[in-house]
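# Structure assessment
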Amino acid sequence: MLTERPNIPDPDGFYAELLGVHEGLSPDESHSLNARLILILANHIGDRAVLSAALAAARSSGRPAVSG
Amino acid sequence: MTFADRYPLAFRLYPYARVPDQDAATPVRHPVAIVGAGPVGLSLALDLGLRGTPVVVLDDHEGVGLGSRALCFAKRTLEIMDRLGAGRAMVEKGIVWQKGRVFRDRDEIFDFDLLPEAGHEYPAFINLQQPHFERFVMEAIVRAQAGGAPIEVRGKNRVDGVTDTGDGVLLDLMTPDGPYRIAADYVVACDGARSPVRGMLGLGFEGRVFEDNFLIADVKMTADFPTERWFWFEPWFKSGDSALLHKQPDDIWRIDFQLGWDIDREKELRPESIRARVDQMLGHSDYELDWCSIYTFQCRRMQSFRHGRILFAGDSAHQVSPFGARGANSGVQDADNLSWKLAAVLGGAPEALLDSYDAERVQAADENILNSSRSTDFLTPKTEVSRLFRNAVLDLARDHAFARPLINSGRLSVPCVYDGSPLNSPDALDAPARSRPGAPCPDAPLGDGFLLPALGHGFTLLALGCDAPDTLAEAGATARRLSVDVTEAPLIRERYLGAAPAGLYLIRPDQHVAGRWPAFDETAIRAAMRRAMGHDAC
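We now turn to the structure provided with this report. Predicted model, so just to flag it, every value in this text is computed and none were measured.

Let's shift gears to the state of the cysteines. All names here are of chain B. Enumeration according to the criterion identifies zero disulfides over all chains in this entry. In this structure Cys-299 is a free cysteine whose sulfur lies 16 Å from that of Cys-416, the closest cysteine sulfur available. By relative accessible area, Cys-299 is classed as buried at 3%. Considering cysteine sulfurs only, Cys-441 is the nearest to Cys-466, which forms no disulfide, with 15 Å between them.

And the structure:
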């Protein structure tokens, strides 16, 4: 089961660290870092059902694309 | 009239010869006509002939085309070839390998072993140029013919027309002596990815086109690279976006370079362009170019491999990328699946057996297309984001072991397990999944030899620590018992029984498991044989 309740003990600290790790990177470098981070976290989770739920959750919470 | 070759030959194996059919007043009828004398058509002809089914093979050339082409032949293919009497010669000529290494730039980032366990007669893979593969099958055909097998291979017999007459198929043939016709109960089109038969019938062949070009350079040189499959992403020698190296017999090395989509094909095929790439990789120019080709590829299959009395096998039915060695290998497995069924149907078994060929080999084709498409998506990222993740995997792989299994430079051919096949009986034995109904029998040592050669061409009752009759006849087939004392054969016990004390396996003529039980249960096994012969498909 994908954990939906808040699970990070120090939310503000974590958020600042997440932004901090991107400091000084170009957008391309940031994208690459994010991709590596996703793979590292995905491997840590390992559970295929949880990963599928996380992928679906990420996709469905995106803002709809502006058409035209 | 002239009858020009479309390509030069490596071996002239079946020269044109006039046959009485050409002078017959009405088309002479044959049980089976095979179109195309490639690896698939010849394997099918050999298998049918050994079963006593008369077969005529029609090819528009007189032998095997030049060029290494299909190179990596998998264990299952070799096991099939062993059953057909051609396996040993192939292994003796071929380069045996089982390990692969993947590099990025200069760093080794991944390695794999395709046969990490002992106790198999045949290796994971051999590299053998396609002309040699076809030559060995043809030599086995000539031996079988000498022993009375009713196989005919007709060179320079081009199929120009196919008509399904309901009760048979009429073929219009063209030869150097002009046209003639034959009729057949069944026609099998083994005529390759551009299948003229498929075209004449107007059947579709849809799928994905991959926008990339690959250059094959076969290079003759003495070198001391190990006999492993070496693959480079973004290689340090910059000869392509990726590169692949395989050893072939006779001091020939296969080098593949990924060129990208927008290339000047003519320029890239010039010897000086090819040599520039190879020089960069090898750091010297002490070699000869043996054969070169640029290829693109698609992943696609026909909707159905059976159209009444016309069946499709090999590349004519399905096409994949070469990464994974799933083309010729799956084609030979098509032939292995089809031959005993076609022989049985000609002997009176229900045509449902031919529908099971379609069901089982479509399942295999889908598995191959899935694996092949995934490899290709990794090798040739289609979008910015797919390239982003591909490179993230490669970046992580050097220092993080977890990322290495995500590296996909080709998932190499393994035979399909026909889970859910209408020919399977429910699994009644608590034993290892690898030998469940639908699975190809895993090999294991037996006495001084191995299990698979002991299975033969027909149905087998494999009795492991239980009794069974010598033979059991049902639904027009006869199963022959093979009793194994598992205390003397620990790997048969491990692979077929696991913790179970005993077991009885019903094995099909293509060495796939039809059903398994804790002991000989005559009622259940007769029902399973009926099902495996296409009756009462459940």
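Residues and elements named next belong to chain B. At a minimum axis distance of 9 Å, the contact between helix α8 (residues 328–346) and helix α9 (residues 352–379) shows a crossing angle of 170°. In terms of orientation, α8 and α9 fall into the roughly antiparallel class. Contacts from Ser-330, Gln-333, Asp-334, Asn-337, Leu-338, Trp-340, Lys-341, Leu-342, Ala-344 and Val-345 in α8 reach Leu-353, Leu-354, Ser-356, Tyr-357, Glu-360, Arg-361 and Asn-368 in α9. A class-by-class count of the residues in the contact of α8 with α9 yields eight nonpolar, five polar and four charged.

Below, the discussion takes up the side chain of Arg-229 of chain B. Residue and element names in this part refer to chain B. Here Arg-229 is to be found in strand β15 (residues 229–233). Buried and unpaired, Arg-229 has Asp-256 as its nearest opposite-charge partner, separated by 8.4 Å. From its side chain, Arg-229 meets the backbone oxygen of Ser-409 in a polar contact 2.7 Å long. Excluding its chain neighbours within four sequence positions, the residues that come into contact with Arg-229 are Trp-97, Lys-99, Gly-100, Arg-101, Phe-112, Leu-244, Leu-245, His-246, Phe-323, Ser-409, Gly-410 and Leu-412.

Residue and element names in this part refer to chain B. Across all of its chains, the model carries 21 aromatic pairs over all chains by this definition. Pairing Phe-297 with Phe-323 gives two aromatic rings, centres 6.4 Å apart and planes at 70°, and the pair type is edge-to-face. In this pair, Phe-297 sits in strand β18 (residues 288–301) while Phe-323 sits in the loop between β21 (318–319) and α8, placing the two residues 26 residues apart along the sequence. Grouping aromatic residues by their ring pairs yields a cluster made of Phe-210, Phe-214, Phe-231, Phe-233, Tyr-295, Phe-297, Phe-323 and Phe-378. One residue, Arg-106, lies across the ring of Trp-236, its end atom 4.3 Å from the ring centre. In this structure, Arg-198 packs its charged tip against the face of Phe-205, placed 3.8 Å from the ring centre.

Conventions used here
- Residues numbered from 1 in each chain as written.
- Chains lettered and ligands numbered in written order.
- Predicted model: local features only at pLDDT ≥ 70, side-chain atom pairs only at ≥ 80, totals over all residues.
- Heavy atoms only, no water.
- Disulfide = S-S within 2.5 Å.
- Buried < 20%, exposed > 50% of the residue type's maximum accessible area, 1.4 Å probe, protein only.
- Axes fitted to C-alpha atoms, helices over the stretch in contact; angles between N-to-C directions.
- Helix = DSSP H or I, 4+ residues; strand = E, 2+ residues; numbered from the N terminus.
- Parallel < 35°, antiparallel > 145°, perpendicular 65-115°, else oblique.
- Contact = heavy atoms within 4.5 Å.
- Nonpolar A, V, L, I, M, F, W, Y, C, P; charged D, E, K, R; others polar.
- Lys, Arg positive; Asp, Glu negative; His and termini not counted.
- Salt bridge = Lys/Arg side-chain N within 4 Å of Asp/Glu carboxyl O.
- Polar contact = N/O pair within 3.5 Å; in protein donor to acceptor, adjacent residues only side chain to side chain.
- Phe/Tyr/Trp six-rings, centres within 6.5 Å; stacked < 30°, edge-to-face > 60°.
- Lys NZ or Arg CZ within 6 Å of the ring centre and 35° of its normal.

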